[in-house]
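# Structural overview for review
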Amino acid sequence: MPDEEIEQRINLKFLVKLGKSATKSFNLLTEVYGDSVLSRPRVFEWYKRFREGSEEIEGNQRVGRPCSSKTNDNISKINEIVRKDRRLSIRMIAEMVNIDKETVRQILHDELNMKKVCTKMVPKNLTLEQKDGRRQICVNILERMENERDLLKKVITCDET
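Basis of the calculations
- Each chain carries its own residue numbering, running from 1 in the written order of its sequence.
- Given that the model is predicted, a residue must reach a pLDDT of at least 70 before its local features are reported, and side-chain atom pairs must reach 80 or more before they are shown or counted; all residues, however, enter totals for whole chains, interfaces and linings.
- Side-chain metrics rest on all non-hydrogen atoms present in the structure, leaving aside hydrogens and water.
- Salt bridges, as used here, are contacts in which a Lys or Arg side-chain nitrogen is within 4 Å of a carboxyl oxygen on Asp or Glu.
- Segments assigned H or I by DSSP are reported as helices when at least four residues long, segments assigned E as strands when at least two residues long, and all are numbered from the N terminus.
- Classification of residues uses two cut-offs on accessible area relative to the type maximum, computed with a 1.4 Å probe and protein chains only: under 20% is buried, over 50% is exposed, and between them is partly exposed.
- This arc corresponds to the set of directions leading from the helix axis out to the C-beta atoms.
- It only takes one pair of heavy atoms within 4.5 Å for two residues to be counted as in contact.

## Digging into the pattern of salt bridges
- Inspection of every chain in the model, using the stated rule, returns 9 salt bridges.
- Where R42 meets E45, a salt bridge forms, and the shortest distance between an N and an O atom there is 2.4 Å. Separated by 3 residues within a single helix, R42 and E45 lie in helix α3 (residues 40-51), roughly one turn from each other.
- Overall, R42 belongs to the partly exposed group, its relative accessible area being 39%.
- You can call E45 partly exposed: its relative accessible area is 30%.
- Residue D132 pairs with R135 through a salt bridge whose shortest N-O separation is 3.1 Å. Taken together, the residues D132 and R135, both in helix α7 (residues 128-147) and 3 residues apart, mark about one turn of the helix.
- A single salt-bridge network, built from bridges that share partners, covers R42, E45 and R49.

Here it is as structure tokens:
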């Protein structure tokens, strides 16, 4: 897509040098590129640049500050906050860390591999400690079953009352 945009800008620059109007240039570009043509405001913006003598076909660097919210420091802060209280909403976490809600959501989902389950943030995958704990519980149950043959008869799975 960016190559096609640059191609359209080159053709627009050619049309400006031919002395075509902005509207006529947009119509010609639409005729050639169809649905993938630059939007009308973009064509008029580039038309004005070329008419004023600009030879540059590359877009200007975007102004504004770079994204600085997804830092290791913020990731560890969010991880610590969520581990302390899993019931916090993304909005509440964003306010605590003072960054954008979408950035907090991306950090939780992409960096910390968590998702929302019943109003709690939980890890998608078990940690090594959790896996080891579950394995140890299973080993203990198997050992008890070898020693006590009627262990399963003692297990209560639900309450009828």
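## Brief notes about helix α5 (residues 90-97)
- Within α5 the residues assigned to the buried category are I93, A94 and V97. All buried residues of α5 fall inside an arc of 100 degrees around its axis, so they share one side. Within α5, the exposed residues directed more than 90 degrees away from the buried face are E95 and M96.
- Lining the buried residues of α5 we find α4 (72-84) and α6 (101-111).

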